[in-house]
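Report on the structure
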Amino acid sequence: MLNIHNLTVASGSRELVKGINLEIAPGEWLALAGESGSGKSLTAASIGGLLPKELKLSGTISWNGSTLTSLSPSLRRKTLGKEISYIFQDYQGAFTPFITIGKQLDELLRAHTDLERQRRKNMCIDALDNVNLPGGRVYTSYPFQLSGGQLQRAAIASALLLNPGLLIADEPTTALDSLTAQKVLKYIAKAKERLNLSVLWITHDLRHVRKFADRVAVMRKGEIVEQGAKDQVLNSPAHAYTSRLLAAIPPLSPNGPRRLGQLSKNSLQREEGALL
Amino acid sequence: MLRSIGKRLLELLLFFLLLSFVSFCLLKIVPGDPVRSILRVDDVAVTSEQIEAMRTQLGLDKPLFVQYGLWLKQLVQFNLGDSYLTSRPVFSEFTEKLPYTLLLTAGSLVVMLLISIPLGILSALYRNRWIDQFSRIFSLIGSSVPSFWLGLVLIQFFAVRLQLLPPMGEGSWRHLILPSLTLGLAMSAIYVRLVRSSLIESAGQDFVTSAKARGIHPARVFLFHTFRHSLIPLITIFSESIGSLLGGTVVVEVLFAYPGLGKWIVDAIAARDYPIIQGYTLFMSVFIVSINILVEMSYRWINPEIALKGKIES
Amino acid sequence: MRSIIAAGQPSGRHLFKKQAVWPAGLVLLVLVIVMISPALAPQDPYRLIVSDRLQPPGAGHFLGTDHLGRDLFSRMIAGIRATIGTSLLILTFSMLIGVTIGLLSGYLGGLYDRVFKRIIDAFMTLPDYIFAIVLSGLLGPGLINLLFAVIAVKWVGYARLVRSVVLQEKEKDYVALAILGGVTPLRIVMKHMLPHTLGNVFVLAALDLGKIILMIASLSYIGLGPQPPAAEWGSMLNEGRVYFNTAPHLMLAPGLAIMITVLLANLLGDKLRDQFDVKTRKEA
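Residues numbered from 1 in each chain as written. Chains lettered and ligands numbered in written order. Predicted model: local features only at pLDDT ≥ 70, side-chain atom pairs only at ≥ 80, totals over all residues. Heavy atoms only, no water.

Looking at the overall build of chain B
A tally of regular secondary structure across chain B gives 14 helices and 0 strands. Its helices and strands in sequence order give chain B the pattern α-α-α-α-α-α-α-α-α-α-α-α-α-α, from N to C terminus. In chain B, buried positions account for 48% of the 314 residues. Excluding contacts between residues fewer than 6 apart, the proportion of contacts in chain B whose partners are at least 24 apart in sequence is 70%. Carbon and sulfur atoms make up 67% of the accessible area of chain B, which totals about 15600 Å². (Helix = DSSP H or I, 4+ residues; strand = E, 2+ residues; numbered from the N terminus. Buried < 20%, exposed > 50% of the residue type's maximum accessible area, 1.4 Å probe, protein only. Contact = heavy atoms within 4.5 Å. Areas by Shrake-Rupley, 256 points an atom, 1.4 Å probe, with all protein chains shown as cover.)

Concerning the UniProt feature "domain: ABC transmembrane type-1" (unreviewed entry) in chain B
UniProt marks residues 98-295 of chain B with the feature "domain: ABC transmembrane type-1" (unreviewed entry), using the numbering shown here. The span residues 98-295 of chain B is 83% helix and 0% strand, and its two end C-alpha atoms sit 21 Å from each other. (UniProt positions renumbered as here; feature names shortened; annotations may be inferred.)

Focus on helix 4 (residues 64-76) of chain B
Residue and element names in this part refer to chain B. Between its first and last C-alpha atoms helix 4 spans 19 Å; for 13 residues at 1.5 Å apiece the expected length is 18 Å, and the two agree. Among all positions of helix 4, only Q67, Y68 and W71 are buried. Across the axial projection of helix 4, the buried residues extend over an arc of 95 degrees, all falling on one side. Turned more than 90 degrees off the buried face of helix 4, the exposed positions are F65, K73 and V76. Once helix 4 finishes, F78 follows within two positions and takes phi at roughly 55 degrees, a positive value. (Expected span 1.5 Å × (residues − 1). Arc of directions from axis to C-beta.)

Looking at the packing of helix 5 (residues 90-125) of chain B against helix 8 (residues 173-203) of chain B
Residues and elements named next belong to chain B. At a closest axis distance of 6 Å, the pairing of helix 5 and helix 8 adopts a crossing angle of 35 degrees. Handedness of the crossing formed by helix 5 with helix 8: right-handed. Across the contact of helix 5 with helix 8, the residue classes tally to 21 nonpolar, 8 polar and 2 charged. (Axes fitted to C-alpha atoms, helices over the stretch in contact; angles between N-to-C directions. Left-handed = near helix turned anticlockwise from the far one by under 90°. Nonpolar A, V, L, I, M, F, W, Y, C, P; charged D, E, K, R; others polar.)

Some points on the domain arrangement of chain B
Residue and element names in this part refer to chain B. Splitting chain B by domain gives domain 1 (1-31) and domain 2 (100-313). One C-alpha centre belongs to domain 1, the other to domain 2, and the line joining them spans 28 Å. Counting residues at the interface gives 12 residues for domain 1, matched by 11 residues for domain 2. Summed over both partners, the interface of domain 1 with domain 2 buries about 1000 Å², with 64% contributed by carbon and sulfur atoms. (Domains from an automatic or database assignment. Buried area = accessible area lost by both parts, 1.4 Å probe.)

Details of a positive patch on the surface
On the surface, K53 of chain A together with R127, R129 and K212 of chain B cluster together to form a positively charged patch. In this structure, R129 of chain B sits in the loop between helix 5 and helix 6 (130-142). (Patch = residues over 30% accessible without salt bridge, like charges linked within 9 Å, V, L, I, M, F, W, Y side chains within 5 Å. Salt bridge = Lys/Arg side-chain N within 4 Å of Asp/Glu carboxyl O. Lys, Arg positive; Asp, Glu negative; His and termini not counted. Charge placed at Lys NZ, Arg CZ, Asp CG, Glu CD.)

Brief notes about the packing of aromatic side chains
Any pair of aromatic rings gets described here by the distance separating the centres and the angle formed by the planes. Considering all chains together, one arrives at 15 aromatic pairs over all chains under this definition. Their ring planes at 10 degrees and their centres at 5.4 Å tell us that Y86 of chain A and F88 of chain A sit as a pair that is stacked. For Y86 of chain A, a relative accessible area of 9% corresponds to the buried category. Their ring planes at 65 degrees and their centres at 6.5 Å tell us that W264 of chain B and Y280 of chain B sit as a pair that is edge-to-face. Of this pair, W264 of chain B sits in helix 12 (residues 261-270) while Y280 of chain B sits in helix 13 (residues 274-302); the two residues are 16 residues apart in sequence, bridging distant segments of the chain. Accessibility assignment for this pair places W264 of chain B and Y280 of chain B in one class, buried. (Phe/Tyr/Trp six-rings, centres within 6.5 Å; stacked < 30°, edge-to-face > 60°.)

Description of the interface of chain B and chain C
Facing the 39 residues of chain B at the interface are 34 residues of chain C. Roughly 3200 Å² of surface becomes buried between chain B and chain C when both sides are summed, with 78% attributable to carbon and sulfur atoms. Across the contact surface, chain B and chain C share 0 salt bridges. Taken together, chain B and chain C are joined by 4 residue pairs in polar contact (both at pLDDT 80 or more). Contributing elements (two or more residues each) for the side of chain B that touches chain C: helix 1 (2-29), helix 6, helix 7 (147-161), helix 11 (242-255), helix 12 and helix 13 of chain B. In terms of residues, the side of chain B that touches chain C owes the most to one element, helix 11 of chain B, which gives 8 residues. Residues of the side of chain B that touches chain C, tallied by class, amount to 29 nonpolar, 7 polar and 3 charged. (Polar contact = N/O pair within 3.5 Å; in protein donor to acceptor, adjacent residues only side chain to side chain.)

As for the confidence of the model for chain B
For any part of a model where pLDDT is low, the fine detail of the predicted coordinates should not be relied upon. Residues and elements named next belong to chain B. Looking at chain B as a whole, the pLDDT averages 81, with 89% of positions reaching at least 70. In this model, residues 310-314 is a region of pLDDT below 50 whose contacts with residues beyond four sequence positions or in other chains number 7 contacts. Here the complex is predicted with pTM 0.77, and the ipTM for its interfaces comes to 0.82. (pLDDT = per-residue confidence, 0-100.)

Below you can see the structure in the form of structure tokens.
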């Protein structure tokens, strides 16, 4: 159970996130939508304490009863990667380029567990196999030897390695083509069923929301303007901004994924044009 | 892989041939006569017969191409000729002086690393705080001071006033301190800022955030992810500045009367000792090329992408 | 046709002009100081008064006197011309040679370019300091020989820089347009490529100035520069070191003068580079 209460993120005197409240129940998938600069990524970073030093945070964030925002840095770090995992938009930046995927997964296991070497290796290879990667080969590969979709799947494997309770996916599909994006989301959905995982999904693209999310929250200029069950928000939006966001989605065409990918890029530009 | 190495070696060979020929010609064109400077050592009236006899003895009466051919013929037998002045083989003089210069270079590098890495890291971590301002001023002044002047000031302070260290010469590790400090300080002035800016650039990379988000200990993230990434540009710049490092050793060796390669060549130039000058130029090019190959190999460790793809990213 | 060329060409020339105003003014000021410096010396920098030797700084002699009783302040002033003047001269010639060869190599391409590239690479492999030491040593000590030796190692940087900029620019549309429009190659080089390289060249030059001053001082110090009684800061340091204990001012004055000059040159270079970087980033 994730509880965000009155979260404010400020840069100097400017408030970028303005006292928002959010809750995610166990096994619930929440889509947090909004245009870029709406403060949704800052909200995601606040949960793990990953905000840049210049930004000031106030309010409380608690996870399963313990208040993350008042934990010591080292205790808080122990929850990261174990209880709470991240996936980011830029799959190129998911892994350090000059260290093999295997070593980086192993580093994660060593940071959080006392397991012995062979056991750790088996766990890593299993986790990679679980996202349909050739585990043995990927284990010894460097990031640049994998494709974008493979890297993002490896990033999911790393995020799910220690069976966390909360997965924060910050625009995990934006840099991928539509077909690959769909696959990545399916892996997350599979893990959600298997682990009763809570998912916080940051996105500016409402196309996939209907299929995967349980609940939707819409953010604009640092405030949550609307939240509720996905059907309610998507079918009868209460806020004008949500309607505009929805109107920016192109109608699904039967022309196949490639075409869709191109369309979505155009629609993004149109969306920006309409909103800014 | 093997073919590219072979091609590279062939290119190197051609380069050395060309270089040695050009330097050979240059030595013959420039004013000054080695025969006179050798005979002047004896400090007696020199007759023209003596000069001619000496010229024949050194083979200087033969045509330029014949002289160069003879030099090459000796070279493939690892013989670089004998010094005009001491009549000893250039090669054995070189191997005698080389350890001194290597020691001095190593000493300066140690000083450079000991200063620039901690100071660079601290100024990157505490950006625009006093330690960063300090390193900025240190770097600005350090890169503006002539190294020999710094050396003189150090001698004056540590050797003459405090009498802690020997002012010049060689003999013990204590003789190495002041020369190493002189060169090392001058180098760290440049590297402090480079370490800082490279670290700041690396710390902003997405993979650093990803590693933090996996709950890895910050010290570990810094050492194995951020710092290693920041080494890539540093090593490139270092390999490009080997030349000025070696040039620095010449000045510092003369200053501290330190019997390394630098003092050797300056003395040889003054005496027009051609075999030594010719040999030295060759050694230095070989040395620099070997350093560059070493640097390329260390790239492969730091950035496996190069090792696997066989290309260097700019 | 002209208007098409003008429209297609990035505003390199304009960019260069705008940011070069104050550094150019500064360089001019330095040049004037270098020119008139001999007139500023209060006393004859070469007059020996042996009875006055090794005087500390004071009323009669603002910076004291050296081991031969010459007025140090006057010698420092005379040294401006020897040290800074020589450096500027070296810089100018290195730039002229380097820019010319770089333009030729980059623009002509083909065989010329390959030959030039080989030469440039060969020079880059040799350590510049050592090459300068060997060369100036062989040519013999003296200011003119020193000048030749340092130019011989310094032109390469400019040639390499200009060549790479020209090779990049050559690919751009405006050059193709100009050729189609019948503009002569010489005109393309002088009117379009040259202005484009100059910004980079001046940044490099400003950063090089300090290095050249230090190089001259070092070479003078190991005895390869101007010979006594010439007043040059590096050789003055060499003469003064024997008297460090009794007359530290003999070493402090030229040392500090070199340091301050190089420091100013470096600051100028950094400033110029920052400005240029910002401008190029904005342009992109």
